[in-house]
Amino acid sequence: MNFLRGVMGGQSAGPQHTEAETIQKLCDRVASSTLLDDRRNAVRALKSLSKKYRLEVGIQAMEHLIHVLQTDRSDSEIIGYALDTLYNIISNDEEEEVEENSTRQSEDLGSQFTEIFIKQQENVTLLLSLLEEFDFHVRWPGVKLLTSLLKQLGPQVQQIILVSPMGVSRLMDLLADSREVIRNDGVLLLQALTRSNGAIQKIVAFENAFERLLDIITEEGNSDGGIVVEDCLILLQNLLKNNNSNQNFFKEGSYIQRMKPWFEVGDENSGWSAQKVTNLHLMLQLVRVLVSPTNPPGATSSCQKAMFQCGLLQQLCTILMATGVPADILTETINTVSEVIRGCQVNQDYFASVNAPSNPPRPAIVVLLMSMVNERQPFVLRCAVLYCFQCFLYKNQKGQGEIVSTLLPSTIDATGNSVSAGQLLCGGLFSTDSLSNWCAAVALAHALQENATQKEQLLRVQLATSIGNPPVSLLQQCTNILSQGDKIDRRGSKIQTRIGLLMLLCTWLSNCPIAVTHFLHNSANVPFLTGQIAENLGEEEQLVQGLCALLLGISIYFNDNSLENYVKEKLKQLIEKRIGKENFIEKLGFISKHELYSRASQKPQPNFPSPEYMIFDHEFTKLVKELEGVITKAIYKSSEEDKKEEEVKKTLEQHDSIVTHYKNVIREQDLQLDDLKQQISTLKCQNEQLQTAVTQQASQIQQHKDQYNLLKVQLGKDNQHQGSYSDGAQMNGIQPEEIGRLREEIEELKSNRELLQSQLAEKDFLIENLKSSQTSPGTNETTASARDSEQIAELKQEMATLKSQLISQSVEITKLQTEKQELLQKTEAFAKSVPVPGESETAKTTDVEGRLAALLQETIELKNEIKALSEERTAIKEQLDSSNSTIATLQNERNKLEGDITDSKKEQDDLLVLLADQDQKMLSLKNKLKELGHPVEEEDELESGDQDDEDDEDEDDGKDQDHI
C-alpha cells in the first residue's frame, strides 16, 4: 500500500520514476499480487493514468486487464476499474479539443488497440457475458467499452457478436434497464451495432425493439422530448431503412398507428426549440422511410393505406396548413406528405379535399402552388411543393382531369374572386422568373402524363394575350415564347425557360396525334425547330438543340399524315436536306449524355443543390429513354416500310376491334348466366321452403284429427256416465201438470240433440273430405294426396332439367372461352408473323389473306354459337316462368285448404259447445225429476233412439199415473 501511495501521489516528486516505469510496476503488481486489494488498487491507478498516458497503458496493461476480467469476476469493483481503463485506451472521446493531427493519430491509436482486443474473439464474448451483470459499476463501463469497439471497427465487431450465442439478445436487455443512463447508452450501443448490417437489424427488430423504443419515445414526451428521443429515432431509422423485412414487421405490428401522437405539435405559440425541430425532422424522415418510392410497391402501398386509416396523413396535413411552423420542418412535411400520397388513390383524394384555414377557405393544392410560383419563397420549399404536386398527379387520372378542367372555358370563374390551380400554373408559365417557368411547365406536364384524354382537352385552352387581339391557344403561346428565346428579359438561367417549355411540349405531343397536328398546323414551328438543330451553338445550347430534335422526332413518329404539307415523308426529307440524318441523331443523343440527365433519372424527388442545376425532370427522363430508340428507327425508315407498317397496324387494329367486340359479348353472356344461376338458386330455396310448409301443414292437420278423435271418445264416455241414474225414487206430492211439462221439455231437448248430432255428422263428413284432399303423411298409409305428390315430383323433375341445362350451358361457355383464347393466340401469331423485308411480296400477301379468311370463318362460327346460347337461355327462362306459375298455383290451393280446415274446426268447436250445453241442461232436468220423485230409466240416455224404448217408457208412465 505504501508503494501504491508513492506511485499515485508522488509521481512528480522526483525525476527518478518515469511514467513508463510506474505503469510497468503497476502492471507487475496486477499480475503477481495475491491480495485482491492490491490488484484492485493497481488497476485503479492504471485507470487514472490511462487518459493521459494512453499509449503506454495500452501497450503494457491491456493483456493484464483482460486477465483481470477473466479471473476476478467475483469482485465488481476491480472489473469496473478494468473496463474503464480499457475504455479510456480504446475510445477517442477525450481527444476532441486536441489539434487535428493529434486527433487523427488518436483515432489510429484507438483502431489499433481495438484490433488487438478483438483479435481474440473470446474477449468480445467475455465482454458480452459481463453485460449480464446487474451491478452498475460493471454494466455501464461495459456498455461504453462495447460501443467504442463498434465505433472503431464496426463490421468486424458486428460479425463476432452475430456468431456469439445470444449475443444480440443480451444487448437488447439494456433497453429494459431501470437506470436511465444505462438505458440511454444502450440505445447508443444498438445504434452502432445495427448500422449497415441487415442480419443484426432483423434480430434486433424481432427481439421486440420497436415496442421498447416507442415506449421510450412516449415516456420522454414524443417530439417535445430530449436527446434520448433523437437517439431512439436514429436507431429506428437504422432498423427500417432499406430493410423490407423490418418495414413489413413494423406495419403488421400496428406500430404505424403509434406514430400519430408524434405530430400533435400543439398551438403555434408553444415554441419550437432546437431539439424539438431535430426530433420532428427525424420523425418525418422515419415516415418517409416507410413510404419511400424505392421500396417495393406493395409494401409502400400498404403503409400508405395504414397511415390514412390511423389518421397520420390527416395529422401531417394539419401541420402543412398550420402557421408558425419553421421553414425546414414545413419543407420536410411537404416532402413527407408527397410520398404518403404518391400513387395511392385514396390518399390523393383526401389531399385534394384538404383546405387551408383561410377566409374564404382555399384548397391546399392552390396554396402550395402559390408558393411554388412565388420567387420570394426559399428554393428548397419551391422544390418540395413541385414534388408534392407531382406525387398528387402520379397515376391519378382523376386528379389530372381536375387540374386541366380549371383551365377549360366552361369552368373558369368569371368573377375572378378565386384563383385556380390551372391559372396559377399558367401565370408561372408566362412569368419573368425562369425558375417559375420551369416549375410550372413541369407541373403541367405531369397533369398530362400518360393521359391522352387530358392532352386533347388542353388543346381547347384559349389565352387572352392583350386587349383587342384575338385569343390564342395555350399550345400556340408556348411555341411563341419558345421562339422568342432570349429576347425577353428574365431572372435566372437563360435556357431554363426554354428547356421547361420543350419538356412540356414533348410530353404533350407524345402519343397524341391530334396534338401533333395542332402543333404542325402552325407553319412557323417546323422551320424554327430545324433552324435550332442545324445551327452550331455553344455547349449551353446543345441541350436545347437535343430537345428540339426530340420534339421534331415526336412530330414525325406520332404524325397521322393528316396535314399534306407535313406528312412523315416530307419531314424526313426536310431533315435530310437541312440537318442530315447523322447530325440529327447526334443532336438527339445530347440529352441522355448530359450529366444532369443521369442525376435526374435516379430519384423522383427534384432535389437540386441550386436553381441552375434544375434542368431535367425525373418522369421526362423516362420519356426520353422510351422515345430515343423509336425516333432513331423512324428517321431511317423508308416510305415503303412506313406504308407497310401502317397497313399492318390497321389490320391489327381491325382484328383487335373484332376480338374486343366478342370479348364484350362473352362478358355479357357471363353476366346473364350469373343472373340465371342466381334465379335458379332462388327458386330452389323457394321450393324447399314450400315443401317444408306443406309438411308442417300436414302435421298440423294430423294433430287436429287426433284432437277431434280424442274429444269424440271423451264425449261418449260422458254420455254413458250421465245415463246411469237410479229409477227407484219416489215422487211424493208432485202435481201431474208439472211432470208433463218436464217431459215435454225433455222431448224438446232430445229433438234438439238429434238435430245437433246430424249437423255434427255433416261436419265430420266435410272434414273427412278435406282430409282426403290434403296430404297428411304418418297418419295412415293410404292418406297421401296423389295430385300434390305428382305436382311436387314434376317440379323436382323440372328443377333437375334446369340444372342439367345450366351445366351444359357452362360447358358451352367454357368451350367458347377456349375458342376465344385460340382466336387471340392466332391474332398474336398473325401479328408476329408480319413479313420482314427481303421476302417475296406475293407469298406475304397470300399468307395474310389466308390468315384473314381463317379468322373470319372462326368469327362466323363464334357468332352462330353465341346465337345458339341465346336461344338456350330463352328456353331456360320460359321453363323457369312455368315452374314459378306451378309453384304459385300449389301455394294458392294450400292456402284455400288451410282456410277450409280453419272454418271447419271453428264450426266443430261451436257444435261441441252447443252439445255440452244441451247435455248440461238435460242433466239438470233429470236431477229435478229425481228430486220430484219421478224415476229416470236407462232408456233415457242420449244415444238411444229406438221406438220400442219409447213405448216401454209410455207404459211405465201409465202405471205411474195409475199408482198415483
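Since we're looking at a predicted model, the values are computed, not measured.

S.K.: In this structure, what is going on with the environment of Leu-381? I would like to understand it.
M.R.: Its place among the elements puts Leu-381 in helix H22 (residues 379-393). Separated by 49 residues in the primary sequence, Leu-381 and Glu-332 have C-alpha atoms spaced 8.7 Å apart. Contact partners of Leu-381, with chain neighbours within four places excluded, come to Leu-330, Thr-331 and Ile-334.

S.K.: What am I meant to see in helix H13 (residues 209-219) here?
M.R.: Looking only at H13, the buried set comprises Ala-209, Phe-210, Leu-213, Leu-214, Ile-216 and Ile-217. Take H13 and look down its axis: the buried residues cluster within an arc of 155°, on one side only. Buried-residue contacts for H13 involve helix H10 (167-172), helix H11 (180-194), helix H12 (198-206), helix H14 (227-240), helix H15 (244-252) and helix H16 (274-290). Downstream of H13 by a residue or two, Gly-221 has a phi angle that is positive, lying close to 100°.

S.K.: Looking at this model, I keep getting lost on the confidence of the model for the protein. Mind explaining?
M.R.: Detailed reading of predicted coordinates is not advised where the pLDDT is low. This prediction gives the protein a mean pLDDT of 81; 78% of its residues lie at or above 70. Long-range and interchain partners of residues 1-16, a stretch whose pLDDT sits below 50, account for 18 contacts in this model, where long-range means more than four residues apart. Low pLDDT, under 50, characterises residues 724-734; the stretch is placed with 25 contacts to residues that sit more than four places away or in other chains.

S.K.: Hey, could you run me through the pattern of salt bridges in this one?
M.R.: Two side chains that carry opposite charge are able to pair once their charged atoms sit near each other. A full pass over the atoms with the stated rule returns 21 salt bridges. Its salt-bridge partner being Lys-47, residue Asp-84 comes within 3.4 Å of it at the nearest N-O pair. Within this pair, whereas Asp-84 is found in helix H5 (residues 76-90), its partner Lys-47 is found in helix H3 (residues 36-50), the two being separated by 37 residues in sequence. By relative accessible area, Lys-47 is classed as partly exposed at 28%. When the shortest N-O distance is used, the salt bridge between Arg-288 and Glu-339 registers 2.9 Å. Separated by 51 residues along the polypeptide, Arg-288 in helix H16 and Glu-339 in helix H19 (residues 327-341) bring together distant segments of the chain. We note that Arg-288, like Glu-339, is buried. Here the salt bridges do not stand alone but share partners, grouping Asp-37, Arg-40, Asp-75 and Glu-77 into one network.

S.K.: Can you help me understand the packing of aromatic side chains in this one?
M.R.: Aromatic rings considered in pairs are described by the distance between their centres and by the relative angle of their planes. Applying the stated criterion across every chain, the model contains twelve aromatic pairs. An angle of 35° between the planes, with centres 4.6 Å apart, marks the rings of Phe-206 and Phe-249 as tilted. With Phe-206 in helix H12 and Phe-249 in helix H15, the pair connects residues that are 43 residues apart, well separated along the chain. Residue Phe-206 is classed as exposed on the basis of its relative accessible area, which comes to 52%. Here a set of aromatic residues connected by ring pairs shows up, and it is made of Phe-206, Phe-210, Phe-249, Phe-250 and Tyr-255. Over the face of the ring belonging to Trp-140 we find Lys-144, whose NZ or CZ atom lies 4.1 Å from the ring centre. Lying over the aromatic face of Trp-272, Lys-276 brings its terminal NZ or CZ to 4.8 Å of the ring centre.

The rules we used
Residues numbered from 1 in each chain as written. Predicted model: local features only at pLDDT ≥ 70, side-chain atom pairs only at ≥ 80, totals over all residues. Heavy atoms only, no water. Helix = DSSP H or I, 4+ residues; strand = E, 2+ residues; numbered from the N terminus. Contact = heavy atoms within 4.5 Å. Buried < 20%, exposed > 50% of the residue type's maximum accessible area, 1.4 Å probe, protein only. Arc of directions from axis to C-beta. pLDDT = per-residue confidence, 0-100. Salt bridge = Lys/Arg side-chain N within 4 Å of Asp/Glu carboxyl O. Phe/Tyr/Trp six-rings, centres within 6.5 Å; stacked < 30°, edge-to-face > 60°. Lys NZ or Arg CZ within 6 Å of the ring centre and 35° of its normal.

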